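Below are the chains, spelled out letter by letter.
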Number of protein chains: 2
Amino acid sequence: MMKKVVGIVGLGLIGGSMAKALQQGGKYSVIGYARRLATCEEALACGAVEEAFTDPSEVFKRADILVLALPPDTSGVVFAQEAQHLRQGTLVTDVASTKTNLVAKVYAHLPPGVRFVSVHPMAGSEKGGFDMAKASLFERCTWIVLQDSTVACWRREDIEELSSMGESFGSRVIVLPLAEHDCFLARISHLPHAVASMVTRVAGNDGDGDLRLRLAAGGFRDVTRVAGGNPSMWREILMGNRQELLGALEALESEIRELKDFLRHEDTVGLENYLARAKEIRDKFSAL
Amino acid sequence: MMKKVVGIVGLGLIGGSMAKALQQGGKYSVIGYARRLATCEEALACGAVEEAFTDPSEVFKRADILVLALPPDTSGVVFAQEAQHLRQGTLVTDVASTKTNLVAKVYAHLPPGVRFVSVHPMAGSEKGGFDMAKASLFERCTWIVLQDSTVACWRREDIEELSSMGESFGSRVIVLPLAEHDCFLARISHLPHAVASMVTRVAGNDGDGDLRLRLAAGGFRDVTRVAGGNPSMWREILMGNRQELLGALEALESEIRELKDFLRHEDTVGLENYLARAKEIRDKFSAL
């Protein structure tokens, strides 16, 4: 039996790592699209893909499973342009961090007979690009498969195939309703990212910034690590989920008010209980 | 020549690590105080200290250099009680994360002929206690020596001795005016800590919290790591620096307002510039 062809649109950190992990698994043939010729050559040279193209239409034409792995808005634009090339029976998926806009665009351009199920591998790094891609990126990560009960453009087997793919990468698979994705992600990923950027600016964006940075230690390093991520990719992610992110920022503002009250009133018991509850939650996360 | 005796008051992560690093260096004799007998026995058994006491007065009596290494308020209380036991010519130091209250208390109880210079080793972990102590804790960390031009209870040689101690531990030594310490620390340590606790609560402190935590990944893990720290120690640190921390929290509120404006007005250029500036600062920190 011929292997199914997985076509990966975007060979950055996530797309490149999927290509490497899929090649290692041996179950699929992998082809890929990258805008830059150098990325295509690099992906071919290290055997991550069997064929690579700087024209996405080739990948759209030949994929049995098409993976959109560009930043969310960019994936939407490319999909709208190229969806006409998809064959009947192709399964489309994406790995975007924010779903609302991209999924709406996919549904708007999905040809009849083409299926779609969104996934979100909860893996990444502040250092992006194919250079950083590795087959082990998804090990022990959560791999979210998103089930959309409002449409009929997918089959139970699609959920199973994409779940098996995550399992074969060493991820823990969780199936969630698509409608809940962006709301959850706002609080566990997009708010933390925004906070890292804000705390970095509070520490370093004035005349004393350089001296402060020389004093800063491991706590600062970790709290702000993700602020080193790609600004254009994260702009697409945060802007794409702006309604939910605004809600999460308001929840943070409410926490700040609570904390300021403890400090202003020298409420040591209140402050210690506040910190103790945060530790309790954080320890639960560590134990997962 | 007899070795000078360093007396470490508090054998937690920082005090215990100093004891181990000093023993390894061989320049000083090290004795220590811990409230719990088990900690004293453990420190003796592993050779971190030559003698250990559950009564701080012994350490105050015998130290040539006394290191206050309990949480800041606790160090202040113990110092006020025991300072009468200090010998003339003893150099007192402390390793607290917040200085204003503790230093005022030290000055108020410092006997004539006893000297004081504060230091701050920028090292730590969310996991505290002697069990986590290690001689290498201070390697490649910043070791801040705080010079107070408003008092005459120290000599140039004290700054040099404490600076050499930091260098011998592998730290980068920076000498700063004491008056600037708490203001700097609010933005590089205390605000990041508060933010880690707040983000943890926003993610996990409601009915959907457990599911959210199961989805969370490396970004959330790092942004919130320090929220796992000891609540009572961090309550002393944050409350001790409440004025400066309130200012830092207001700076964060102002960043949040700016970010919300970009999101509300779909200002993609503004948002990307905002994130790009944060990345620029964070990359500068990484390169230090």
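The following refers to the structure shown. Computed from a prediction, not measured in an experiment: that's the story for all the values here.

As a further point, take the relation of the copies chain B and chain A. When chain B is brought onto chain A, the operation consists of a screw motion whose angular component is 180° and whose axial shift is 0.0 Å, with 0.0 Å RMSD remaining. When the rotation and shift are considered jointly, the pair of chain copies conforms to a two-fold rotation axis. The position closest to the rotation axis in chain B is occupied by the C-alpha of Val-223 of chain B, lying 1.9 Å away. The fraction of interface residues of chain B whose copies in chain A are also interface residues reaches 100%, indicating that both copies meet through the same surface.

Before going further, it helps to spend a moment on the packing of helix 4 (residues 72-82) of chain B against helix 5 (residues 100-109) of chain B. Residue and element names in this part refer to chain B. Axis separation between helix 4 and helix 5 bottoms out at 9 Å; the angle between their running directions is 5°. Compared by their axis directions, helix 4 and helix 5 come out roughly parallel. Taken together, the residues of helix 5 that come into contact with helix 4 (itself represented by Pro-72, Ser-75, Gly-76, Val-77, Phe-79 and Ala-80) are Leu-102, Lys-105, Val-106 and His-109. Classifying every residue of the contact of helix 4 with helix 5 by side-chain character gives six nonpolar, three polar and one charged.

So, about the side chain of His-190 of chain A. Residue and element names in this part refer to chain A. Among the structural elements, His-190 can be located in helix 7 (residues 178-204). Looking at His-190, its side chain comes within polar contact range of the main-chain oxygen of Ser-97, at 3.1 Å. Residue contacts for His-190: discarding those within four places in its chain leaves Ser-97, Thr-98, Leu-185, Trp-234, Ile-237, Leu-238, Asn-241 and Leu-245.

To continue, consider the interface of chain B and chain A. In this complex, chain B contributes 84 residues to the contact, which on the side of chain A involves 84 residues. For the pair chain B and chain A, the summed buried area comes to about 8,600 Å², and 72% of that belongs to carbon and sulfur atoms. Contact with chain A buries surface across chain B, with Arg-201, Leu-215 and Arg-282 of chain B losing the most and accounting together for 9% of the total. Remark: the boundary between chain B and chain A carries 18 salt bridges. Between Glu-266 of chain B and Arg-242 of chain A there is a salt bridge, with the nearest N and O atoms lying 2.8 Å from each other. Taken together, the links from chain B to chain A amount to 28 residue pairs in polar contact (both at pLDDT 80 or more). For the side of chain B that touches chain A, the elements supplying multiple residues, two or more each, are strand 8 (142-147), strand 9 (172-177), helix 7 (178-204), helix 8 (209-215), helix 9 (218-224), helix 10 (231-240), helix 11 (242-264) and helix 12 (268-287) of chain B. It is helix 11 of chain B that contributes the most residues to the side of chain B that touches chain A, 17 residues altogether. Its residues assigned to classes, the side of chain B that touches chain A shows 45 nonpolar, 12 polar and 27 charged.

To continue, consider the packing of helix 4 (residues 72-82) of chain A against helix 10 (residues 231-240) of chain A. All names here are of chain A. At their nearest, the axes of helix 4 and helix 10 sit 7 Å apart, and the two run at 85° to each other. The angle between helix 4 and helix 10 falls in the class roughly perpendicular. For the pair helix 4 and helix 10, the contacting residues are Pro-72, Asp-73 and Thr-74 in the first and Arg-235, Glu-236 and Ile-237 in the second. In terms of residue class, the contact of helix 4 with helix 10 is built from two nonpolar, one polar and three charged.

Okay, the pairing of strand 9 of chain B next. All names here are of chain B. Pairing of strand 8 with strand 9, which is carried by six bridges, proceeds in the parallel orientation. By the bridge assignment, Val-145 is partnered in strand 9 with Val-175. Note on the crossover from strand 8 through helix 6 (residues 156-168) to strand 9: the handedness is right-handed.

A few words now on the environment of Lys-127 of chain B. All names here are of chain B. Position of Lys-127 among the secondary structure elements: in the loop between strand 7 (118-121) and strand 8. Along the backbone, Lys-127 and Val-226 are 99 residues apart, and their C-alpha atoms lie at a distance of 8.9 Å. Setting aside chain neighbours within four positions, we find Lys-127 in contact with Leu-13 and Met-132.

What follows concerns the sheet that holds strand 2 (residues 29-33) of chain A. All names here are of chain A. Ordered in space as 3-2-1-4-5-6, the six strands form an open sheet in which the pairing is parallel. At either margin of the open sheet sits one strand with a lone partner, and together these are strand 3 (51-53) and strand 6 (115-116). Direction of pairing for strand 1 (residues 5-9) relative to strand 2: parallel, over a ladder of five bridges. Each bridged residue has a counterpart across the sheet, and for Ile-8 the counterpart in strand 2 is Gly-32. On the sheet, helix 1 (residues 13-25) packs against strand 1, strand 2 and strand 4 (65-68) and is oriented at approximately 160° with respect to strand 1. Against the sheet, helix 6 (residues 156-168) engages strand 1, strand 4, strand 5 (91-94) and strand 6, with an angle of about 50° to strand 5.

Take unusual backbone geometry next. Its identity is not glycine, yet Glu-266 of chain A carries a phi of approximately 45°, on the positive side. Note that Glu-266 of chain A resides in the loop between helix 11 (242-264) and helix 12 (268-287). Residue class for Glu-266 of chain A comes out partly exposed when judged on its relative accessible area of 47%. Phi is positive for Arg-140 of chain B, close to 60°, though the residue is something other than glycine.

The next point concerns the environment of Leu-137 of chain A. Residue and element names in this part refer to chain A. Position of Leu-137 relative to the elements: it lies in the loop between strand 7 (118-121) and strand 8 (142-147). Take Leu-137: its relative accessible area is 10%, and that puts it in the buried class. Here the alpha-carbon distance between Leu-137 and Pro-121, two residues 16 residues apart in the chain, equals 9.5 Å. Aside from chain neighbours lying at most four places away, what touches Leu-137 is Leu-13, Ile-14, Ser-17 and Ala-123.

About the thresholds
Residues numbered from 1 in each chain as written. Chains lettered and ligands numbered in written order. Predicted model: local features only at pLDDT ≥ 70, side-chain atom pairs only at ≥ 80, totals over all residues. Heavy atoms only, no water. Least-squares fit on C-alpha atoms with pLDDT ≥ 70 in both. Contact = heavy atoms within 4.5 Å. Axes fitted to C-alpha atoms, helices over the stretch in contact; angles between N-to-C directions. Helix = DSSP H or I, 4+ residues; strand = E, 2+ residues; numbered from the N terminus. Parallel < 35°, antiparallel > 145°, perpendicular 65-115°, else oblique. Nonpolar A, V, L, I, M, F, W, Y, C, P; charged D, E, K, R; others polar. Polar contact = N/O pair within 3.5 Å; in protein donor to acceptor, adjacent residues only side chain to side chain. Buried area = accessible area lost by both parts, 1.4 Å probe. Salt bridge = Lys/Arg side-chain N within 4 Å of Asp/Glu carboxyl O. Pairing = 2+ DSSP bridges. Right-handed = clockwise from strand over helix to strand, strands pointing away. Buried < 20%, exposed > 50% of the residue type's maximum accessible area, 1.4 Å probe, protein only.

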